[in-house]
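Structural overview
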Amino acid sequence: MADHDPMPLIGVIPAGGLSRRLGPIPCSKEILPVGFHGDPRSGSRPRVVSSYLLAAMRDAGVKRAYMVLRPGKWDIPQYYGDGSDVGIDLAYLVAAVPHGPAYTVDQARPFVDGARVAFGFPDILLSPEDSLRQVAEHQTATGADLVLGLFPAPHPPDDEMVELDGSRVARILFWPDQTELVYTWNSAVWTPVFTEFLHQHLETVELGVAAGAERREVKVGYVFQAAIEAGIPVETVTFRDGRCIDIGTPANLARASGALARGASPFDAPPAD
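This text gives an overview of the structure that appears in the document.

The rules behind the values
Residues numbered from 1 in each chain as written. Predicted model: local features only at pLDDT ≥ 70, side-chain atom pairs only at ≥ 80, totals over all residues. Heavy atoms only, no water. 1 Å grid on protein atoms, 1.4 Å probe; cavity = no way out; pocket = protein on both sides within 12 Å on 5 of 7 lines; lining within 4 Å. Points joined across faces, edges and corners; volume = space filled by probe spheres on them. Helix = DSSP H or I, 4+ residues; strand = E, 2+ residues; numbered from the N terminus. Nonpolar A, V, L, I, M, F, W, Y, C, P; charged D, E, K, R; others polar. Buried < 20%, exposed > 50% of the residue type's maximum accessible area, 1.4 Å probe, protein only. Lys, Arg positive; Asp, Glu negative; His and termini not counted. Salt bridge = Lys/Arg side-chain N within 4 Å of Asp/Glu carboxyl O. Contact = heavy atoms within 4.5 Å. Core = buried A, V, L, I, M, F, W, Y, C linked by side-chain atoms within 4.5 Å. Pairing = 2+ DSSP bridges. Right-handed = clockwise from strand over helix to strand, strands pointing away. Phe/Tyr/Trp six-rings, centres within 6.5 Å; stacked < 30°, edge-to-face > 60°. Expected span 1.5 Å × (residues − 1). Arc of directions from axis to C-beta.

**A short note on the layout of surface pockets**
Of the pockets and cavities examined, the second largest pocket occupies roughly 420 Å³. The wall of the second largest pocket is formed by 24 residues, among which Arg47, Tyr52, Leu125, Leu126 and Glu129 lie closest to the centre. Elements supplying a minimum of two residues to the lining of the second largest pocket: helix 1 (50-60), strand 6 (116-120), strand 7 (124-127), helix 4 (131-142) and strand 11 (183-190). At five residues, helix 1 tops the list of elements feeding residues into the lining of the second largest pocket. Among the residues forming the lining of the second largest pocket, the class breakdown is 15 nonpolar, five polar and four charged.

Rendered as structure tokens:
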């Protein structure tokens, strides 16, 4: 299949969480040190967790990215500045509606008009490191409006599990009590078609709340499922030997930090219970 002419690829990174699972920490979760990298002056310096995602975005062809913060997380822009150190032009937005990650992502809509979006979680380490690039390349090759990067779920009942129909997503199950499904999603690339669908879907949610429905935190995965139900084909790139570590829990943070401090891969360390 011939490649489609790609639109610009812009990164969108949600950084509006409260880090409740980690308890009190001295900085925003997204800039917790996890490992080290080379420095021409000191030889090495701590590497913060979100820098792994930014490196993956840069590798995928992202030249500009927006980090969407909640009020008070000013240490993130203070740390990264304009993004020169990570090789991406960085800008910062403030989440206006504290009702879940989907609203956080939608905050970037006016700034990604006419572009593709590369999306990932700043507190999740992924292997292979070029997985986001592969997802972006698949989107370019197929022209799909939404492509998800799938990884074996470390703890299937605790994840958003993806049921496949060939290379497409049949449905997403949210924290099922029991499942034989294997994969969860951890990255995505989408076109303006899905950007607009996300915005319109959240407006529908707001109308439902105004009509008396109960408000709930809206995960990005919920909107993916809504897109499937609306007939938007959702393509996938499945990393059958891939790995993911969410450092948003004390056990996983210790696991990743300890392994990287020893110069080892965090994916080779025993999984956290």
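**Here we look at the environment of Gly263**
Within the secondary structure layout, Gly263 lies in the segment after helix 7 (250-261). Accessibility expressed as a relative area gives 70% for Gly263, which makes it exposed. For the pair Gly263 and Gly35, spaced 228 residues apart in the sequence, the C-alpha separation amounts to 8.1 Å.

**Quick word on the side chain of Asp106**
Within the secondary structure, Asp106 is located in helix 3 (residues 101-106). Here Asp106 sits buried without a salt bridge, and the closest side chain of opposite charge, Arg109, lies 5.0 Å off (N-O distance). Residues in contact with Asp106, not counting those within four places in the same chain, are Leu198, His199 and Leu202.

**Topic: the nonpolar core**
In this structure, Tyr80, Phe119, Leu148, Trp185, Trp190, Phe194 and Phe224 are the most contacted members of the largest nonpolar core, which totals 71 residues. With seven residues, the top contributor of residues to this core is helix 6 (residues 220-229). With residues up to four places along the chain from it excluded, the contact list for Trp190 reads Val105, Arg116, Val117, Phe119, Asp145, Leu146, Thr195 and Phe224. Counting eleven residues, the second-largest nonpolar core is a separate cluster that includes Val34, Tyr52, Leu125 and Leu253.

**Side note on the pairing of strand 4 (residues 64-69)**
Within strand 4, five of the six residues are buried, which leaves the element mostly enclosed by the surrounding structure. Bridge analysis of strand 1 (residues 9-15) against strand 4 gives six bridges, and the strand direction is parallel. By the bridge assignment for strand 4, Val12 is matched with Tyr66. In the classification by handedness, the crossover that spans strand 4, the intervening helix 2 (residues 75-80) and the parallel strand 5 (residues 89-94) is right-handed.

**Quick notes on the packing of aromatic side chains**
Going through the model one piece at a time under the given rule, you end up with 15 aromatic pairs. With centroids separated by 5.0 Å and ring planes inclined at 85°, the aromatic side chains of Tyr79 and Tyr80 adopt a geometry described as edge-to-face. On the basis of relative accessibility, which here comes to 7%, the residue Tyr80 falls in the buried class. Here Trp185 and Phe224 contribute two aromatic rings whose centre-to-centre distance is 4.8 Å and whose plane-to-plane angle is 65°, an arrangement assigned as edge-to-face. You can see Trp185 sitting in strand 11 and its partner Phe224 sitting in helix 6, a full 39 residues away along the chain.

**Let's talk about helix 7**
Within an α-helix, residues lying three or four positions from one another point in the same direction, as the helix has 3.6 residues per turn. Taking 1.5 Å of rise per residue, the twelve residues of helix 7 would be expected to cover 16 Å, and the 16 Å separating its terminal C-alpha atoms lies within 8% of that figure. Among all positions in helix 7, only Asn252, Leu253, Arg255, Ala256 and Ala259 are buried. Looking straight down helix 7, one finds its buried side chains confined to an arc of 165°; they lie on one side. Set apart from the buried face of helix 7 by more than 90 degrees, the exposed residues are Ala254 and Ala261. One or two steps after helix 7, the chain reaches Gly263, where phi turns positive at roughly 80°.

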